[in-house]
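Each chain, letter by letter, is given below.
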Amino acid sequence: FWNKPRVEIGGKDFPAKVVKEGSLSSVDVTLLSVDERELPLSLGLRRMSLCKISPFPGERLIVVTPEGIARSQVMPPYALPLDVPAKFTTVISDVATTGNSGSGVFDENKKCLLGIVSRKISEVRTKQENGQAVRESLDIAKYFVPAPSIAEFMAPELHF
């Protein structure tokens, strides 16, 4: 579904190539390739390792968004509504400031990538307003694809 994927860094667009595409039903990640020679020198040699294990409930983390850095923590799966699929075990409790799909989730202490934000988890609730039942969507959490799933998704020759 990607006609012309691009990566934006510091307001500048860089052409990208799809290396491998995931799906919403399996691993919601797409691996892109950017010509490293086109990147600013300050970014050309940076490497970020993937965390080896999935985070635990209550673990503190940092989410990097285009707007800046947000601090949050891993929410326990039992705090999610019962109809949320069991595969959503890595969720962030702070919905308002932790960016959107594609934002990086990092371990605050180990300085490794814990995952990538994939989607928002919402719940529809009904409340009474002026004697009428009104349905509203309430954002509860954000799911992020954990680093071990990302590592498994990447071909062995692409591991950093």
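Everything here concerns the structure above.
Our subject in this report is the structure included herewith.

Things to note about the packing of aromatic side chains
Tallied over the entire structure, the rule returns one aromatic pair. In this structure, K20 packs its charged tip against the face of F153, placed 4.6 Å from the ring centre.

Concerning the environment of M75
Residue position: M75 is located in strand β5 (residues 68–75). M75 sits 68 residues away from Y143 along the chain, and the two C-alpha atoms are 9.7 Å apart. Every residue in contact with M75, bar those within four places of it in the chain, is listed here: L80, V91, I92, S93, I140 and A141.

Side note on the pairing of strand β7 (residues 104–107)
Taking every second residue as pointing to the same face, both faces of β7 are buried, with G104 and F106 on one and V105 and D107 on the other. Alignment of strand β4 (residues 60–65) against β7, held across four bridges, turns out to be antiparallel. Bridge assignment links V63 to a residue of β7, and that residue is V105. Pairing analysis gives three bridges linking β7 to strand β8 (residues 113–129), with the strands arranged antiparallel. What sits directly across from F106, in β8, is L113.

As for the sheet that holds strand β1 (residues 6–9)
Spatial ordering of the open sheet is given by β1-β2-β3, a layout of three strands whose pairing is antiparallel. With partners counted over all chains shown, the strands left at the sheet margins are β1 and β3 (30–34), one partner each. Taking the axes of each pair of neighbouring strands and ignoring which way they run, one obtains an average angle of 45° across the sheet. In this structure, β1 lies alongside strand β2 (residues 12–21), joined through four bridges in antiparallel fashion. Across the sheet, I9 pairs through a bridge with K12, a residue of β2.

Details of the state of the cysteines
Following the criterion strictly, the structure yields one disulfide and no others. Here C51 is linked by a disulfide to C112, with a sulfur-sulfur distance of 2.0 Å. Where C51 bonds to C112 through sulfur, the torsion about that S-S bond is close to 100°, and the disulfide is right-handed. With C51 in the loop between α1 (41–44) and β4 and C112 in the loop between β7 and β8, the pair connects residues that are 61 residues apart, well separated along the chain. The class of C51 is buried, set by a relative accessible area of 7%. Overall, the relative accessible area of 6% leaves C112 in the buried class.

Brief notes about the side chain of T98
Turning to its location among the elements, T98 is positioned in the loop between β6 (91–92) and β7. A polar contact of 2.6 Å, which involves the side chain of T98, links it to the backbone oxygen of D94. A distance of 3.4 Å separates the side chain of T98 from the side chain of K142, its partner in a polar contact.

A look at the pattern of salt bridges
Here the structure, examined in full by the defined rule, presents seven salt bridges. For K120, the salt bridge goes to D139, with nearest N and O atoms at 3.4 Å. Residue K120 is located in strand β8, and its partner D139 is located in strand β9 (residues 132–146); the two are separated by 19 residues in the primary sequence. Here E123 and R125 are joined by a salt bridge, their closest N and O atoms 2.8 Å apart. For E123, a relative accessible area of 24% translates into the label partly exposed. Overlapping salt bridges, with partners in common, bring together K127, E129 and E136 in one network.

What counts, and at which threshold
Residues numbered from 1 in each chain as written. Predicted model: local features only at pLDDT ≥ 70, side-chain atom pairs only at ≥ 80, totals over all residues. Heavy atoms only, no water. Phe/Tyr/Trp six-rings, centres within 6.5 Å; stacked < 30°, edge-to-face > 60°. Lys NZ or Arg CZ within 6 Å of the ring centre and 35° of its normal. Helix = DSSP H or I, 4+ residues; strand = E, 2+ residues; numbered from the N terminus. Contact = heavy atoms within 4.5 Å. Buried < 20%, exposed > 50% of the residue type's maximum accessible area, 1.4 Å probe, protein only. Pairing = 2+ DSSP bridges. Axes fitted to C-alpha atoms, helices over the stretch in contact; angles between N-to-C directions. Disulfide = S-S within 2.5 Å. Polar contact = N/O pair within 3.5 Å; in protein donor to acceptor, adjacent residues only side chain to side chain. Salt bridge = Lys/Arg side-chain N within 4 Å of Asp/Glu carboxyl O.

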